[in-house]
Amino acid sequence: ATADVSVKASAAETPQRHLGLTLALSGDQSRVVRVAAGSAADHAGIRPGDLLSAVGASSALTPWELTRRFELLPPMGTMLLSVARGDDHHIVVLTR
């Protein structure tokens, strides 16, 4: 006899990306110093030298605030991040 068994992955088994950023405070923004390969930031296209100015609707963003907000996301949760690279400004999606 056979039985159908449905298995649901627990949160501990769900792969999660780390943020992967080394940041420095630059005025009221966070400046990217380093991006770890394979990290959420790497997958979002963030590069060293980028200025991170907002998460969602919150504007002033310290390195600690950004890291904490990312860590509070559920597995596969996302957050929008405003990025300035030279004169170019765009929004990226970080996925935990």
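Residues numbered from 1 in each chain as written. Predicted model: local features only at pLDDT ≥ 70, side-chain atom pairs only at ≥ 80, totals over all residues. Heavy atoms only, no water.

Engineer: Help me get a handle on the overall build of the protein chain, residues and values and all.
Structural biologist: Secondary structure summary: the protein chain contains two helices and five strands in total. Expressed as a percentage of its 96 residues, the buried residues of the protein chain come to 34%. Taking the intrachain contacts of the protein chain between residues at least 6 apart in sequence as the baseline, contacts between residues at least 24 apart amount to 42%. Carbon and sulfur atoms make up 53% of the accessible area of the protein chain, which amounts to about 6000 Å² in all. (Helix = DSSP H or I, 4+ residues; strand = E, 2+ residues; numbered from the N terminus. Buried < 20%, exposed > 50% of the residue type's maximum accessible area, 1.4 Å probe, protein only. Contact = heavy atoms within 4.5 Å. Areas by Shrake-Rupley, 256 points an atom, 1.4 Å probe, with all protein chains shown as cover.)

Engineer: Could you give me a rundown of helix 2 (residues 63-71), with the residues and numbers involved?
Structural biologist: Considered for burial, the residues of helix 2 that qualify are Pro63, Leu66 and Phe70. Angularly, the buried residues of helix 2 cover 70 degrees about the axis, an arc narrow enough to put them on a single face. (Arc of directions from axis to C-beta.)

Engineer: So what about the sheet that holds strand 5 (residues 88-95)? Which residues, and what values?
Structural biologist: Pairing is antiparallel in the open sheet, where five strands are placed in the order 1-2-3-4-5. One side of each edge strand has no neighbouring strand; the edge strands of this open sheet are strand 1 (21-26) and strand 5. Taking the axes of each pair of neighbouring strands and ignoring which way they run, one obtains an average angle of 40 degrees across the sheet. Note that strand 1 and strand 2 (residues 29-35) share six bridges and pair antiparallel. By the bridge assignment for strand 2, leucine 21 is matched with valine 35. (Pairing = 2+ DSSP bridges. Axes fitted to C-alpha atoms, helices over the stretch in contact; angles between N-to-C directions.)

Engineer: Explain the nonpolar core residue by residue, including any values.
Structural biologist: Residues Leu21, Ile46, Leu52, Leu66, Leu81 and Leu94 are the most contacted members of the largest nonpolar core, which totals 20 residues. The residues contacting isoleucine 46, other than those within four sequence positions of it, are Leu21, Val32, Val35, Ala41, Leu52, Leu81, Val83, Arg85, Val92 and Leu94. (Core = buried A, V, L, I, M, F, W, Y, C linked by side-chain atoms within 4.5 Å.)

Engineer: Describe the pattern of salt bridges, and please don't skip the residues or the numbers.
Structural biologist: Applying the stated rule across the entire model yields two salt bridges. For aspartate 50, the salt bridge is made with arginine 85, and the minimal N-O distance between the two is 2.7 Å. Of this pair, aspartate 50 sits in the loop between helix 1 (40-44) and strand 3 (51-55) while arginine 85 sits in strand 4 (residues 78-85), and the two are 35 residues apart along the sequence. Exposure remark for arginine 85: the relative accessible area of 23% places this residue in the partly exposed category. Where glutamate 71 meets arginine 68, a salt bridge forms, and the shortest distance between an N and an O atom there is 4.0 Å. Remark: arginine 68 and glutamate 71 occur in helix 2; sequence separation between them is three residues, near one turn of the helix. Overall, arginine 68 belongs to the partly exposed group, its relative accessible area being 37%. (Salt bridge = Lys/Arg side-chain N within 4 Å of Asp/Glu carboxyl O.)

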